[in-house]
Amino acid sequence: SKDIHFFEDLEFNYRILSNAKKVSRCMSNLYNYRYSETSINSQAINYKKLSCLKLIDSLVEDINRNNTELKETSKYFVSHCLLSMILSVSKSREINNEFYSIINKYCVTYMNKIIGAKYIPLNQKLIIFMYRVSPRAVAKSIFFIKYRNK
């Protein structure tokens, strides 16, 4: 989708793989991610980064409707997107209040699905749960623990 600027590769991969007749799995590391100062991953939270949240609704809806065997795995994707946004907020200096609200809305909406998911580590569930309760406190705590010395 032209509207997705972060995690757009996930959407592409899902669309291709969900239409494939056969998928093989290779356990070798064939993907190398290169860090760049100008990449969206290194930017502060912004609307382009938040665009990945649109994927949550559309992919989860599609998976629930057409690929029931992926339901459990889709919960991990949801938590991964939410954690990426929470970490982006945490390392951002000046934050638009709307960003807290948008991410919090998704945490509230998907918390019940995430909390019982078997593939999501407990520490990730706790961060999402705590963000749901107090977004600013969680963001400041993560910054203090993870980013203050960088």
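Source: prediction; values computed, not measured.

## Some points on the overall build of the protein chain
The helix and strand inventory of the protein chain stands at 7 helices and 0 strands. Mapped in sequence order, the helices and strands of the protein chain form the string α-α-α-α-α-α-α. On C-alpha atoms alone, the protein chain measures out to a radius of gyration of 16 Å, which is about the 15 Å that the 2.2 N^0.38 rule sets for 150 residues. Expressed as lengths along the three principal axes of its C-alpha atoms, the size of the protein chain is roughly 45 × 35 × 30 Å. Per-residue burial over the protein chain gives 37% buried out of 150 residues. Accessible surface, the protein chain: about 10,100 Å² in total, of which carbon and sulfur atoms supply 53%. For the protein chain, the distance from the average site of its 24 positive side-chain charges to the average site of its 12 negative ones is 6 Å.

## Some points on the packing of aromatic side chains
As enumerated under the stated definition, the model contains 3 aromatic pairs in all. When the centroid spacing of 6.3 Å and the interplanar angle of 10 degrees are considered together, the rings of Tyr106 and Tyr110 count as stacked. Linking Tyr106 with Tyr110, this pair stays in helix α5 (residues 97-115), spanning 4 residues, or about one helical turn. Taking the relative accessible area as the measure of exposure, Tyr106 reaches 9% and is therefore buried. Judged by relative accessible area, which is 7%, Tyr110 ranks as buried. The aromatic ring of Tyr100 is capped on one face by Arg136, whose charged end is 4.4 Å from the ring centroid.

## Section: the pattern of salt bridges
Counted according to the given criterion, the structure contains 4 salt bridges. Asp62 is the partner of Arg15 in a salt bridge, and the nearest nitrogen-oxygen pair spans 3.8 Å. Taken as a pair, Arg15 in helix α1 (residues 8-18) and Asp62 in helix α3 (residues 52-66) lie far apart in primary sequence, 47 residues in all. Taking the relative accessible area as the measure of exposure, Arg15 reaches 31% and is therefore partly exposed.

## A look at the packing of helix α6 (residues 122-133) against helix α7 (residues 135-147)
For any two helices packed against each other, the geometry is given by the interaxial angle and the distance between the axes. Close contact between α6 and α7 brings their axes to 5 Å; oriented N to C, the two are set at 130 degrees. Relative to α7, the element α6 lies oblique. Residues Ile127, Met130, Tyr131 and Val133 of α6 pack against Pro135, Val138 and Ile142 of α7. Of the residues contributing to the contact of α6 with α7, the split by class is 7 nonpolar, no polar and no charged.

## Some details on a nonpolar patch on the surface
Taken together, the side chains of Leu122, Leu126, Phe129, Met130 and Val133 make up a nonpolar region of the molecular surface, amounting to roughly 490 Å² of accessible area. For Val133, the position within the fold is in helix α6.

## Some remarks on the side chain of Lys125
Position of Lys125 among the secondary structure elements: in helix α6. Of the side chains with opposite charge, Glu72 lies nearest to the buried Lys125, which makes no salt bridge, at 7.3 Å. From its side chain, Lys125 meets the backbone oxygen of Ile115 in a polar contact 3.0 Å long. With residues near it in sequence (within four places) discarded, Lys125 still touches Met111, Ile114, Ile115, Gly116, Ala117 and Ile120.

Scoring rules and cut-offs
Residues numbered from 1 in each chain as written. Predicted model: local features only at pLDDT ≥ 70, side-chain atom pairs only at ≥ 80, totals over all residues. Heavy atoms only, no water. Helix = DSSP H or I, 4+ residues; strand = E, 2+ residues; numbered from the N terminus. Rg over C-alpha atoms; globule rule 2.2 N^0.38 Å. Buried < 20%, exposed > 50% of the residue type's maximum accessible area, 1.4 Å probe, protein only. Areas by Shrake-Rupley, 256 points an atom, 1.4 Å probe, with all protein chains shown as cover. Lys, Arg positive; Asp, Glu negative; His and termini not counted. Charge placed at Lys NZ, Arg CZ, Asp CG, Glu CD. Phe/Tyr/Trp six-rings, centres within 6.5 Å; stacked < 30°, edge-to-face > 60°. Lys NZ or Arg CZ within 6 Å of the ring centre and 35° of its normal. Salt bridge = Lys/Arg side-chain N within 4 Å of Asp/Glu carboxyl O. Axes fitted to C-alpha atoms, helices over the stretch in contact; angles between N-to-C directions. Parallel < 35°, antiparallel > 145°, perpendicular 65-115°, else oblique. Contact = heavy atoms within 4.5 Å. Nonpolar A, V, L, I, M, F, W, Y, C, P; charged D, E, K, R; others polar. Patch = residues over 30% accessible without salt bridge, like charges linked within 9 Å, V, L, I, M, F, W, Y side chains within 5 Å. Polar contact = N/O pair within 3.5 Å; in protein donor to acceptor, adjacent residues only side chain to side chain.

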